[in-house]
Amino acid sequence: MVGTNLFVGTYFETITATDTKGAQTLLGLSIVVSKADTITVTAIARSDTYTGSTLTFTPTFTVSGLVNSETLTAAAMSWNYNGVENSGALYAIQTTKPINAGAYTITPVTPASLTDSYTAVTIVPASLTVNRATRTITITPPGSPIKFGETKTVTSTPSAGVGDGTISYTTSTTDSCTVSNTTVTAVKSSGTCSFTAMISRGNNFETATSTSGTSTLRKADTLTVTVDAMTPLTYKIGRAHV
């Protein structure tokens, strides 16, 4: 058995001993192979970005303590995932990789057979960060022109994550128009009004701000003033009576 890698266990061997006079003696020999020391499997932290689908990466790891040129491959292991989504929802321990952005833990699960040859297996989990995805938002200004004193509606369209974040509108031309929620009011009768849309950071998407959109302003329609007819006056000496 010399030079042979033996599994854990007890082995028996017979040795033939020959003395200087040629006499031979059979000797019984027992060989006890004990378990090797503890091995450590350490997951490697990683960072991914939300895609709307289950993540598809292959986890990586390091291992120390293996002997006899043994190896441990990712294919021989399974992996558990758990953590907290950005929404606050708990992601219970499971073998399915997460979808939503959040902070998670990757935990290696090694083959049970490793403890047949090693005293113990130490597992070191790692962090998995699923970042929010980026997006854009496009503003649609009210149709031009906006007449003095008139109100119109401004709208916008996010490239992704509709409903994941709050949309708000601002104007850089507050001397020409005002914006309240989605309602634009012209307070000037000439020039332009500029608008910007912003969608706030959501659970799975980052904040985004649109480029500026503009609408032209113009005077209100012709104002007609109607004077009511007066009751005829009767002339009297001294004063007039209505």
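This report concerns the structure included in the present document. Just so it is clear, the structure is predicted and the values come from calculations on it, not from any experiment. (Residues numbered from 1 in each chain as written. Predicted model: local features only at pLDDT ≥ 70, side-chain atom pairs only at ≥ 80, totals over all residues. Heavy atoms only, no water.)

1. What about the overall build of the protein chain?
Part 1 of the argument: Along its length, the protein chain carries one helix and 20 strands.
Part 2 of the argument: Against the globule reference of 18 Å for 242 residues, the protein chain gives a C-alpha radius of gyration of 41 Å, more extended than a compact globule.
Part 3 of the argument: Along the three orthogonal principal directions, the C-alpha set of the protein chain runs to about 170 × 30 × 20 Å.
Part 4 of the argument: Going through the 242 residues of the protein chain one by one, you find that 25% of them count as buried.
Part 5 of the argument: Here the protein chain displays about 15100 Å² of accessible surface, and carbon together with sulfur accounts for 54% of that area.
Part 6 of the argument: Positive and negative side-chain charges of the protein chain, numbering 14 and 13 respectively, have mean locations separated by a distance of 23 Å. (Helix = DSSP H or I, 4+ residues; strand = E, 2+ residues; numbered from the N terminus. Rg over C-alpha atoms; globule rule 2.2 N^0.38 Å. Buried < 20%, exposed > 50% of the residue type's maximum accessible area, 1.4 Å probe, protein only. Areas by Shrake-Rupley, 256 points an atom, 1.4 Å probe, with all protein chains shown as cover. Lys, Arg positive; Asp, Glu negative; His and termini not counted. Charge placed at Lys NZ, Arg CZ, Asp CG, Glu CD.)

2. Details of the sheet that holds strand 6 (residues 78-85)
Part 1 of the argument: Strand order in the open sheet formed by five strands is 4-10-8-6-7, with mixed pairing between adjacent strands. Two strands bound the open sheet, and with one partner strand each, they are strand 4 (46-49) and strand 7 (90-94). Between one strand axis and the next, the sheet turns through 20° on average, direction left out of account.
Part 2 of the argument: Here strand 6 pairs with strand 7 via three bridges, running antiparallel. Residue Gly83 lies in a different strand from strand 7, and its bridge partner there is Tyr91. (Pairing = 2+ DSSP bridges. Axes fitted to C-alpha atoms, helices over the stretch in contact; angles between N-to-C directions.)

3. A word on the side chain of Ser210
Part 1 of the argument: Following the sequence through the fold, Ser210 ends up in the loop between strand 19 (208-209) and strand 20 (213-218).
Part 2 of the argument: On the basis of relative accessible area, Ser210 is assigned to the buried category, the value being 9%.

4. A short note on the side chain of Ser156
Part 1 of the argument: Secondary-structure assignment places Ser156 in strand 14 (residues 155-158).
Part 2 of the argument: A distance of 2.8 Å separates the side chain of Ser156 from the side chain of Tyr169, its partner in a polar contact.
Part 3 of the argument: The contacts of Ser156, once residues within four sequence positions are left out, are Ile137, Thr138, Ile139, Thr140, Ile167, Tyr169 and Ala197. (Polar contact = N/O pair within 3.5 Å; in protein donor to acceptor, adjacent residues only side chain to side chain. Contact = heavy atoms within 4.5 Å.)

5. Focus on the environment of Thr211
Part 1 of the argument: Positionally, Thr211 belongs in the loop between strand 19 and strand 20.
Part 2 of the argument: A C-alpha to C-alpha distance of 7.9 Å links Thr211 and Ala197, two positions 14 residues apart in sequence.
Part 3 of the argument: Apart from residues lying up to four places away in sequence, Thr211 is in contact with Ile139 and Phe195.

6. What about the packing of aromatic side chains?
Part 1 of the argument: Taken as a whole and judged by the stated rule, the model has four aromatic pairs.
Part 2 of the argument: Seen in terms of ring centroids, Phe57 and Tyr81 are 6.2 Å apart; in terms of plane orientation they differ by 85°. Their pairing is edge-to-face. Of this pair, Phe57 sits in the loop between strand 4 and strand 5 (61-64) while Tyr81 is found in strand 6, placing the two residues 24 residues apart along the sequence.
Part 3 of the argument: Tyr81 gets classed as buried once you look at its relative accessible area, which sits at 1%.
Part 4 of the argument: Ring geometry for Phe61 and Trp79: centres 6.0 Å apart, planes at 55°, overall tilted. (Phe/Tyr/Trp six-rings, centres within 6.5 Å; stacked < 30°, edge-to-face > 60°.)

7. Focus on the sheet that holds strand 17 (residues 183-186)
Strands in a sheet are paired, the pairing made by backbone hydrogen bonds, and the direction either parallel or antiparallel.
Part 1 of the argument: Strand order across the open sheet formed by three strands is 13-17-16, with antiparallel pairing between neighbours. Two strands bound the open sheet, and with one partner strand each, they are strand 13 (151-153) and strand 16 (177-180). On average, adjacent strands in this sheet sit at an angle of 25° to one another, irrespective of strand direction.
Part 2 of the argument: In terms of strand pairing, strand 16 meets strand 17 through four bridges, oriented antiparallel. The residue bridging Val179 from the neighbouring strand is Val184, located in strand 17.

Spatial relationships are all this shows, so hold off on functional conclusions.
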